[in-house]
Every structure is written in structure tokens, then in C-alpha cells.
Amino acid sequence: MITPNSPLEQFAILPFLDIHIGNFFFSFTNSSLFMLLTISLVLLLVHLVTKNGGGNLVPNAWQSLVELIYDFVPNLVNEQIGGLSGNVQQKFFPCISVTFTFSLFRNLQGMIPYSFTVTSHFIITLGLSFSLFIGITIVGFQRNGLHFLSFLLPAGVPLPLAPFLVLLEPISHCFRALSLGIRLFANMMAGHSLVKILSGFAWTMLCMNNLFYFIGDLGPLFIVLALTGLELGVAILQAHVSTILICIYLNDATNLHQRIDELNDLFIIEQKHKKICFDLIDGTLLAGQKKRP
Amino acid sequence: MPQLDKFTYFTQFFWLCLLFFTFYISLCNDGDGILGISRILKLRNQLISHQRRGNNVRSNDPNSLEDILRKGLSTGVSYMYSCLFEVSQWCNAVDLMGKKRNTLISCFGEISGSRGMERNILYLISKSSYSTSSSPEWGITCKNDIMLIHVLHGQGNIVF
């Protein structure tokens with residue numbers, strides 16, 4: 001009897017060290033091994049780069065890479081969490097930065113052949129997203145007191161509609177946490193299953209000792225190549241999207257659905273205009289000074 | 001489907017929490033990691049902006065001690081120059097008249113002369129400060145300088 005290999009077998013969790021405490025398993029599994037490996041690699045990179053108090057002033061290639069990854073998050077935080085002082089934004093920044101780095105490198109590590117994709121298990125992504133969302137709700141309560149419950153009724157709603165909205169808003173709120181975790185999990189799992197199925201197909205065609213199949217194998221092979229590229233893009237994108245959404249939810253929790261995005265945009269535009277004017281003035285100044293003997 | 005094996009849930013979550021917190025603590029360590037990177041970036045931005053401005057008087061931080069010192073010194077120097085100039089002009093005018101006049105009339109002349117001096121000083125200071133730096137932002141700082149000079153001259157009058 002031939003036991004068919006399922007493409008979902010790659011997601012199986014195999015324990016390396018079994019540690020039982022009563023009913024609870026603390027085993028060290030292949031999932032934990034790969035998480036540990038990736039974390040240690042990332043920490044090694046960051047520590048080597050920022051050795052002497054942050055690295056050189058003129059960065060080399062590795063330092064530029066780390067700074068690129070680092071620099072992504074402050075722009076996000078400053079854009080999304082508007083309307084608060086810089087001190088408050090600084091408090092949320094490390095958590096978001098660590099979450100982004102964590103999910104980015106976990107996703108990318110899954111693309112290495114024969115390695116285990118840690119984020120393709122919904123317990124991990126849901127655990128992360130639920131914990132962060134509970135944290136965000138607690139922060140919202142802390143910052144706004146019981147007034148936080150006012151976000152359940154958005155502004156500008158006619159009164160007869162209000163009870164239905166109040167009933168629906170908590171469900172929508174809870175669903176955000178769920179969707180954050182499931183989005184990442186579904187993308188990773190679907191991508192890896194697809195690549196596995198198509199590469200199995202391509203390999204079987206290659207091994208069939210038939211010229212017709214051999215030439216026709218170029219199709220699936222090319223699709224596997226394209227899909228791998230797509231999966232790399234999806235890995236980076238999903239980390240990005242999760243981080244942006246966390247910032248947006250944080251903004252909602254602390255600012256209670258207030259319409260400050262327009263004000264924020266106006267503020268940003270005003271700052272840009274000021275910067276342009278000052279740069280023009282400086283340019284003319286320098287030009288004028290250079291002309292004098 | 002391996003994702004639905006319930007017995008793996010706890011171990012996965014446990015190791016996730018453990019490794020995530022280890023990651024967090026190691027990255028947000030002082031002197032290394034994220035803080036080090038942010039420090040280097042800030043330092044670099046500051047150095048680049050200073051290099052770009054060169055020896056220009058205007059710096060990024062308007063409240064810095066250096067800036068206030070520079071402004072104060074330039075104000076004092078220009079005030080002194082204008083005072084000396086006006087005094088020398090007035091002395092020349094008095095010498096040209098030749099004889100010593102009555103003290104009362106000379107006092108009146110002094111008062112009117114001092115008012116004229118004040119007007120001329122303000123005019124000269126505004127002219128000198130506009131000529132030393134042709135930036136339009138100095139217009140605002142010049143008003144502050146002029147007000148400073150008012151205060152200085154007023155103090156001088158009170159003393160006399």
C-alpha cells in the first residue's frame with residue numbers, strides 16, 4: 001500500500017528533546033530550533049555591526065543593511081501614531097521594531113530550502129497578534145480611562161442606528177486581532193504548500209524518463225522559480241503589513257477614532273513647505289556668499 | 001493537518017514567548033542594538049547639517065548658547081561703533097562752533113543731539129546689521145537687536 005505524501009507534511013512538528021511536566025509538554029521541537037537559530041543569527045549580525053557604541057560613522061555594507069531595516073520603523077511610527085508627543089511615541093517604538101524584525105526574519109528563514117517555516121503555524125501568529133492586541137487594548141484603557149469605550153460609537157452616527165453599532169463594534173474590534181494573526185499564517189502556509197505541490201509535480205515529470213515530459217517539465221520548473229520569487233516578496237510584505245496594522249490599531253486605541261489624519265496630513269505638508277523654503281533660502285545664501293570675494 | 005495537532009500548541013507558544021522576550025531584551029540593550037543605531041544616526045545627521053552650513057552664523061538650534069553669545073557680541077559691537085561715530089561727529093560739530101556757549105543752551109543742544117543720535121544710531125545699526133548678513137531671517141533678529149539697543153541707550157540715559 002502506497003501512503004501518499006501530503007504536501008502538508010512539511011508543517012509537521014517533530015520534537016527533538018521531550019520534556020514533560022505532567023500534562024504539559026515543554027519539548028524542544030524543530031520549530032523551536034529554527035526560531036532559536038534565526039534569533040541568534042540576527043542578534044549576531046546586530047551586535048557585530050553595533051560593536052563600538054553603534055558602529056562607524058561611515059557605514060560599511062552590513063551596517064547599512066541593519067540601518068535600513070531599523071530605519072523603516074520610525075517613519076511608520078511617526079506617520080501612523082499622530083497627535084502624540086515624541087516621548088509617547090518613543091515608548092512604543094522598541095516593541096514595534098522587535099515585532100517587525102521578528103516576523104521579517106522568521107518569514108525569510110522559511111524560504112531557505114529544507115528549513116521549517118515557523119510562522120506557518122497559526123498558534124504562533126495568533127499568539128503574537130493576540131498578545132499584542134491585548135496589550136494595545138490595555139494601553140488604550142490606561143490612556144483614556146473608561147472613555148475608551150466611546151470608540152464603540154463612531155462620530156456622526158444617527159441615533160436609531162446606535163444600538164446596533166454598539167453591538168457590532170466589539171466584534172469588529174476582536175476580529176482585528178484574529179485577522180492580524182490569520183493573515184500572516186494563511187499567506188505563509190498557502191505559499192509553502194503551493195511551492196511544495198508544484199515542485200513535486202516538476203520533480204515527478206523530470207524522473208519519468210520520457211522526452212516529452214522532460215521538455216514539458218520546463219513549465220512547472222519556471223513556475224516554481226517564479227513562485228519562489230513571489231514568496232520572498234510575500235514574506236517581506238506580510239511583515240510590513242502586520243507592523244503597519246499594529247501601528248494603526250495603536251493609533252486607534254490611543255486617539256479613539258478621532259479624525260486627526262487630515263490634520264496630520266496638513267501638518268506634514270506644512271512642514272515640507274517650510275523645509276523647502278528654508279532650503280531655498282540657504283541655497284541663495286550660499287550662492288550669494290560664494291560670489292563675494 | 002499538522003497545524004491542528006493540539007498537543008503542540010503549548011510547546012510552540014512557550015518557546016515563542018521565551019525566544020521573543022530574549023530577542024527583545026537583547027536588541028533593546030543599552031549601548032548595543034537599537035539604541036546604538038539610533039545614536040549613530042542622530043550623530044550623523046547633526047554632523048551633516050553642521051558641515052553643510054559651514055561657517056554660516058545660523059545654526060539648527062536657535063536657543064543654543066553659542067548663538068545667543070554671537071548675537072549679543074555683534075549687537076554690542078555695532079552699538080559701540082555707532083555711539084563712537086555719532087559722538088565723534090558731535091564733537092567735531094561742537095569744535096567747529098569754536099567758543100564755549102552757555103551751559104543751559106549746551107544742555108538743550110545735548111538733549112536734542114542725543115535724540116538725533118538715537119535716531120541715527122538705530123538707522124546705522126539697522127544698516128550695518130543688514131549689510132553684515134543678507135539673510136531675510138535676520139530681519140526678525142534685527143528687530144530684537146534694535147530693541148536691545150533701545151534698552152541699552154535708555155539705561156545710558158537714566159544713568160546720566
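Residues numbered from 1 in each chain as written. Chains lettered and ligands numbered in written order. Predicted model: local features only at pLDDT ≥ 70, side-chain atom pairs only at ≥ 80, totals over all residues. Heavy atoms only, no water.

1. Some words on the overall build of chain A
For chain A, the count of helices and strands is eight helices and four strands. Per-residue burial over chain A gives 40% buried out of 293 residues. The contacts in chain A between residues at least 6 apart in sequence include a share of 68% that link residues at least 24 apart. Entry remark: accessible area of chain A is about 17300 Å², with carbon and sulfur atoms responsible for 72%. (Helix = DSSP H or I, 4+ residues; strand = E, 2+ residues; numbered from the N terminus. Buried < 20%, exposed > 50% of the residue type's maximum accessible area, 1.4 Å probe, protein only. Contact = heavy atoms within 4.5 Å. Areas by Shrake-Rupley, 256 points an atom, 1.4 Å probe, with all protein chains shown as cover.)

2. Some remarks on the UniProt feature "transmembrane region" (unreviewed entry) in chain A
In the numbering used here, UniProt assigns the "transmembrane region" (unreviewed entry) feature to residues 24-46, 114-141 and 221-250 of chain A. With 71% helix and 0% strand, residues 114-141 of chain A has its two end C-alpha atoms placed 45 Å apart. (UniProt positions renumbered as here; feature names shortened; annotations may be inferred.)

3. A word on the interface of chain B and chain A
Counting from both sides, the interface comprises 42 residues of chain B and, opposite them, 57 residues of chain A. In terms of surface lost to chain A, no three residues of chain B exceed B:Gln3, B:Gln12 and B:Phe23, which account for 15% of the buried area on that side. Where B:Arg44 meets A:Glu67, a salt bridge forms, and the shortest distance between an N and an O atom there is 3.1 Å. One can count four residue pairs in polar contact (both at pLDDT 80 or more) joining chain B with chain A. Elements with a minimum of two residues in the side of chain B that touches chain A: α1 (9-27) and α2 (33-53) of chain B. Counting residues per element, the side of chain B that touches chain A draws most heavily on α1(B), which supplies 14 residues. Considering only residue class, the side of chain B that touches chain A consists of 23 nonpolar, 13 polar and six charged. (Buried area = accessible area lost by both parts, 1.4 Å probe. Salt bridge = Lys/Arg side-chain N within 4 Å of Asp/Glu carboxyl O. Polar contact = N/O pair within 3.5 Å; in protein donor to acceptor, adjacent residues only side chain to side chain. Nonpolar A, V, L, I, M, F, W, Y, C, P; charged D, E, K, R; others polar.)

4. What about the side chain of A:Thr125?
Secondary-structure assignment places A:Thr125 in helix α4 (residues 122-144). Not counting residues up to four positions away in its chain, the partners in contact with A:Thr125 are A:Thr119, A:Gly181, A:Leu184 and A:Phe185.

5. Some remarks on α2(B)
Taking 1.5 Å per residue as the helical rise, α2(B) with its 21 residues ought to reach 30 Å, and the 31 Å between its terminal C-alpha atoms agrees with that figure. If you check which residues of α2(B) are buried, you get B:Gly33, B:Ile34, B:Gly36, B:Ile37, B:Ser38, B:Ile40, B:Leu41, B:Arg44, B:Ser49 and B:Arg53. (Expected span 1.5 Å × (residues − 1).)

6. A look at empty space enclosed by the protein
Evaluation of the coordinates by the stated rule reveals three cavities of 30 Å³ or more. In this structure, the largest cavity occupies an estimated 150 Å³ of space. For the largest cavity, the lining is made up of 15 residues, of which A:Val46, A:Val66, A:Ile69, A:Tyr70 and A:Thr101 are closest to its centre. Contributions of two or more residues to the lining of the largest cavity are made by α1 (30-49), α2 (61-80) and α3 (86-109) of chain A together with α2 of chain B. Broken down by class, the residue content of the lining of the largest cavity amounts to twelve nonpolar, three polar and no charged. Each pocket or cavity is described by its volume, and for the second largest cavity that value is around 100 Å³. Along its surface, the second largest cavity is lined by A:Thr99, A:Ser103, A:Thr125, A:Leu128, A:Ser129, A:Leu132, A:Leu180, A:Gly181, A:Leu184, A:Ser242 and A:Ile246. The set of elements that each furnish at least two residues to the lining of the second largest cavity consists of α3, α4, α5 (162-206) and α7 (218-255) of chain A. (1 Å grid on protein atoms, 1.4 Å probe; cavity = no way out; pocket = protein on both sides within 12 Å on 5 of 7 lines; lining within 4 Å. Points joined across faces, edges and corners; volume = space filled by probe spheres on them.)

7. Things to note about the packing of α4(A) against α7(A)
Residues and elements named next belong to chain A. Following both chains from N to C, one finds α4 and α7 inclined at 25°, their axes separated by 8 Å at the closest point. The pairing of α4 with α7 is recorded here as roughly parallel in orientation. Our pair here, α4 against α7, has a crossing hand that is right-handed. Taken together, the residues of α7 that come into contact with α4 (itself represented by Leu-132, Phe-133, Ile-136, Val-139, Gly-140, Arg-143 and Asn-144) are Ile-246, Tyr-249, Leu-250, Ala-253 and Thr-254. Classifying every residue of the contact of α4 with α7 gives eight nonpolar, three polar and one charged. (Axes fitted to C-alpha atoms, helices over the stretch in contact; angles between N-to-C directions. Parallel < 35°, antiparallel > 145°, perpendicular 65-115°, else oblique. Left-handed = near helix turned anticlockwise from the far one by under 90°.)

8. Topic: the environment of A:Ala226
All names here are of chain A. Positionally, Ala-226 belongs in helix α7. For Ala-226, a relative accessible area of 46% puts it in the partly exposed group. Separated by 31 residues in sequence, Ala-226 and Val-195 place their C-alpha atoms 9.8 Å apart.

9. Section: the UniProt feature "transmembrane region" (unreviewed entry) in chain B
Per the UniProt annotation, the sites labelled "transmembrane region" (unreviewed entry) are residues 7-27 of chain B. The straight-line gap between the two end C-alpha atoms of residues 7-27 of chain B is 31 Å; of that span, 90% is helix and 0% is strand.

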